[in-house]
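# Structural overview for review
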Amino acid sequence: MKISVAFVSLGLFIIFAAPARAALTWEKTTAELHPALTDKTAVAHFKYKNTGDKPVRITSVHPSCGCTTAALEKEVVAPNESGEIVATFNIGNRSGVQNKTISVTTDADPDQPTVLKLTATIPRLLEIAPVFIFWSAGDLLEPKTVTVKVGGDFPVTKLNVTSTDKS
């Protein structure tokens, strides 16, 4: 009888001594986006699941700049529950590769925020080099070369170059 009571007591001790844990597990923490030339925004979905045995509260979602927003689906995530953060990058006049981050802090680990990384490769309509050409006084009026590259799938069939100099 003493042995069975000892085993029951040990079992109860182990059950109650084991701390409850909370943890968000992310499907991915990086997203690579390739918006079209005419897109105004690029959107990434960061999905997560609470793989712990107690609820997790998301206490902060902080994008790295004003051109990126992050919509939180829910603040409290129950055990075994899933959710997502939708990150929207406003393209504006930007082009080329843009790297943005979103810091997500939870009550499960407030000192170690999860950093979500968003990379958007925005096509350029035209790449012109050099942007300006000029002839100094005394230069021979010889032709100069301007290189123009068409970005993305934009169908450019003809390009006109005109001078602002009336002479």
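Keep in mind the model is a prediction, meaning the values are calculated, not measured. (Residues numbered from 1 in each chain as written. Predicted model: local features only at pLDDT ≥ 70, side-chain atom pairs only at ≥ 80, totals over all residues. Heavy atoms only, no water.)

## Topic: the overall build of the protein
Here is the rule we go by: In this description a helix means any DSSP run of H or I spanning at least four residues, a strand means any run of E spanning at least two, and both kinds are numbered starting from the N terminus. Categorising residues by exposure relies on relative accessible area from a 1.4 Å probe, with only protein chains included: less than 20% of the type maximum marks a residue as buried, more than 50% marks it as exposed, and the intermediate range marks it as partly exposed. By definition, residues are in contact when any of their heavy atoms lie within 4.5 Å.
A count of helical and extended segments in the protein gives 1 helix and 11 strands. Written out in order from the N terminus, the α and β elements of the protein read α-β-β-β-β-β-β-β-β-β-β-β. Buried residues in the protein amount to 22% of all 167 residues. Long-range contacts, defined as pairs at least 24 residues apart, comprise 60% of the intrachain contacts of the protein with a sequence gap of at least 6.

## As for the pairing of strand E9 (residues 114-122)
Where we set the bar: Pairing between strands is defined by DSSP: at least two bridges between the two strands are required.
Across 4 bridges, the pairing between strand E2 (residues 30-33) and E9 is parallel. Within the sheet, the bridge partner assigned to Ala-31 lies in E9 and is Leu-118.

## Here we look at the sheet that holds strand E5 (residues 68-72)
Just so we agree on the cut-off: A fitted line through C-alpha atoms represents every axis, and for helices the fit uses only the stretch in contact; the resulting angles, taken between N-to-C directions, go from 0 to 180 degrees.
Read across the open sheet, the 4 strands follow the order E1-E3-E7-E5; overall the sheet is antiparallel. Pairing within the sheet leaves two strands with one partner each, and these edge strands are strand E1 (24-26) and E5. Across this sheet, the average inter-strand angle for adjacent strands is 30 degrees, counted without regard to direction. Inspection of the sheet shows E1 paired to strand E3 (residues 41-50) by 3 bridges, in the antiparallel sense. The partner of Thr-25 across the bridge, within E3, is Lys-49.

## Points about the side chain of Thr-106
Operational definition: Whenever a nitrogen or oxygen atom comes within 3.5 Å of another N or O atom, the pair is scored as a polar contact, on the condition that within protein one atom can donate a hydrogen and the other can accept it, and that pairs from neighbouring residues in sequence are kept only if both atoms are in side chains.
The topology assignment puts Thr-106 in strand E8 (residues 96-106). From its side chain, Thr-106 meets the backbone nitrogen of Ala-108 in a polar contact 3.3 Å long. A distance of 3.4 Å separates a polar atom in the side chain of Thr-106 from the backbone nitrogen of Asp-109. When residues no more than four places from it in sequence are discounted, the contact partners of Thr-106 are Leu-24, Val-56, Arg-57, Ile-58 and Thr-59.

## A closer look at the nonpolar core
What counts, and what does not: In this description, a nonpolar core means a group of buried Ala, Val, Leu, Ile, Met, Phe, Trp, Tyr and Cys residues linked to one another through side-chain atoms lying within 4.5 Å.
Ranked by size, the top nonpolar core spans 22 residues in total, and within it Trp-26 and Phe-89 carry the most contacts. Taken together, the elements giving at least two residues each to this core come down to E1, E2, E3, strand E4 (56-63), strand E7 (82-90), E8 and E9. Among all residues touching Phe-89, those that are not within four sequence positions of it are Lys-40, Thr-41, Ala-42, Cys-67, Thr-68, Arg-94, Gln-98, Lys-100, Leu-118, Ala-120 and Ile-122.

## Things to note about the packing of aromatic side chains
Heads up, the condition is: Note on aromatic contacts: the rings of Phe and Tyr and the six-membered ring of Trp form a pair at centre separations within 6.5 Å, being stacked when their planes are under 30 degrees apart, edge-to-face when over 60 apart, and tilted otherwise. By the criterion adopted, a ring carries a charge over it if an Arg CZ or a Lys NZ lies within 6 Å of its centre and within 35 degrees of its normal.
Taken as a whole and judged by the stated rule, the model has 1 aromatic pair. On the numbers, 5.2 Å between centres and 65 degrees between planes, the contact of Trp-26 with Tyr-48 is edge-to-face. Placement of Trp-26 in strand E1 and of Tyr-48 in strand E3 is noted, with a sequence separation of 22 residues between them. Taken as a pair, Trp-26 and Tyr-48 share a single burial class, namely buried. Directly above the aromatic system of Phe-134 lies the positively charged group of Lys-144, at a separation of 5.9 Å from the ring centroid. Taking the ring centre of Trp-135 as reference, the NZ or CZ of Lys-144 above it sits at 5.0 Å.

## So, unusual backbone geometry
Cis geometry marks the peptide bond from Ala-129 to Pro-130; its omega dihedral reads -10 degrees. By the element assignment, Pro-130 lies in the loop between strand E10 (126-129) and strand E11 (147-150). Notably, Asn-80 is not glycine yet its phi reads approximately 70 degrees, a positive angle. Mapped onto the elements, Asn-80 comes out in the loop between strand E6 (76-77) and E7. On the basis of relative accessible area, Asn-80 is assigned to the exposed category, the value being 59%.

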